[in-house]
Amino acid sequence: MSSFDTDIRYKLVAALAQSDEMRRSERADRIQWLSEHQIPLGVVVGPMDTMAAIGEARDCFVEGHYIASLLLCVAVVEHIITDSLVERGLANYGAPFIEAIKIAGDKNIFPLEMLSRADHLREIRNPFTHRKSQKHRHSFGNRFLAEKIYPKAILERDAKDALDLMYAFFHSTLKIG
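Procedures and definitions
Residues numbered from 1 in each chain as written. Predicted model: local features only at pLDDT ≥ 70, side-chain atom pairs only at ≥ 80, totals over all residues. Heavy atoms only, no water. Phe/Tyr/Trp six-rings, centres within 6.5 Å; stacked < 30°, edge-to-face > 60°. Helix = DSSP H or I, 4+ residues; strand = E, 2+ residues; numbered from the N terminus. Buried < 20%, exposed > 50% of the residue type's maximum accessible area, 1.4 Å probe, protein only. Expected span 1.5 Å × (residues − 1). Salt bridge = Lys/Arg side-chain N within 4 Å of Asp/Glu carboxyl O.

Caption draft 1: A look at the packing of aromatic side chains. Under the defined criterion, the tally for this structure stands at three aromatic pairs. Taking the centre distance of 5.4 Å and the plane angle of 50° together, the rings of tryptophan 33 and phenylalanine 61 count as tilted. In this pair, tryptophan 33 sits in helix α1 (residues 3-35) while phenylalanine 61 sits in helix α2 (residues 48-62), placing the two residues 28 residues apart along the sequence. Overall, tryptophan 33 belongs to the buried group, its relative accessible area being 16%. Residue classification places phenylalanine 61 among the buried residues on the basis of a relative accessible area of 0%. Plain terms: the ring middles of phenylalanine 61 and tyrosine 66 are 5.8 Å apart, the flat faces sit at 55° to each other, and that makes the pair tilted. Here a set of aromatic residues connected by ring pairs shows up, and it is made of Trp33, Phe61 and Tyr66.

Caption draft 2: Geometry of α2. In this model, α2 (15 residues) spans 21 Å end to end at C-alpha, consistent with the 21 Å of a helix rising 1.5 Å per residue. Within α2, burial applies to Thr50, Ala53, Ile54, Ala57, Cys60, Phe61 and Val62. Glycine 64 sits one or two residues past α2 and shows a positive phi near 85°.

Caption draft 3: Representation of the pattern of salt bridges within the structure. Applying the stated rule across the entire model yields twelve salt bridges. For aspartate 106, the salt bridge is made with lysine 102, and the minimal N-O distance between the two is 2.9 Å. A residue pair is termed a helical-turn pair when its members lie 3 or 4 positions apart in one helix, as aspartate 106 and lysine 102 do in helix α4 (residues 97-106) at four residues. Across the pair, lysine 102 and aspartate 106 agree in class, each one exposed. Taking the shortest distance from any N to any O, the salt bridge between arginine 122 and aspartate 119 comes out at 2.8 Å.

Right, here's the structure in full:
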């Protein structure tokens, strides 16, 4: 490494330390909120991609990456619903999420309240993953204009709702033994 690179790295580390200090209290608040929604467990075994997404959804939330947390949480919910349908022979992998929610409701696999929340979060997620018009009723910009609150507050609320639901689905499928 050249002295120039070493100097830049030193300044970068100092800037990151300052940023960490400034955001530490907010991160602690988010960790505290999460601790109220998690059940302390021993070893949990599940599909590797789903388990990794659960951990990363949590980490993204703690760091204030609310959209990423929302996207991962909804993906986990979709994994759990789809896995439950496939195990029962009611659907194949790759079924559209909206159809999986409907089938799960029709067959009473999960409480309807949870499935309704999953559908609502699917609608909020979709403009982030499938390009929609800014005038689409669930687009972030349109929701911001309708709610007239700070954009980060909307995203944080969405992420909290998504995490709460993700953990509800996850806990509902745990098998002790």
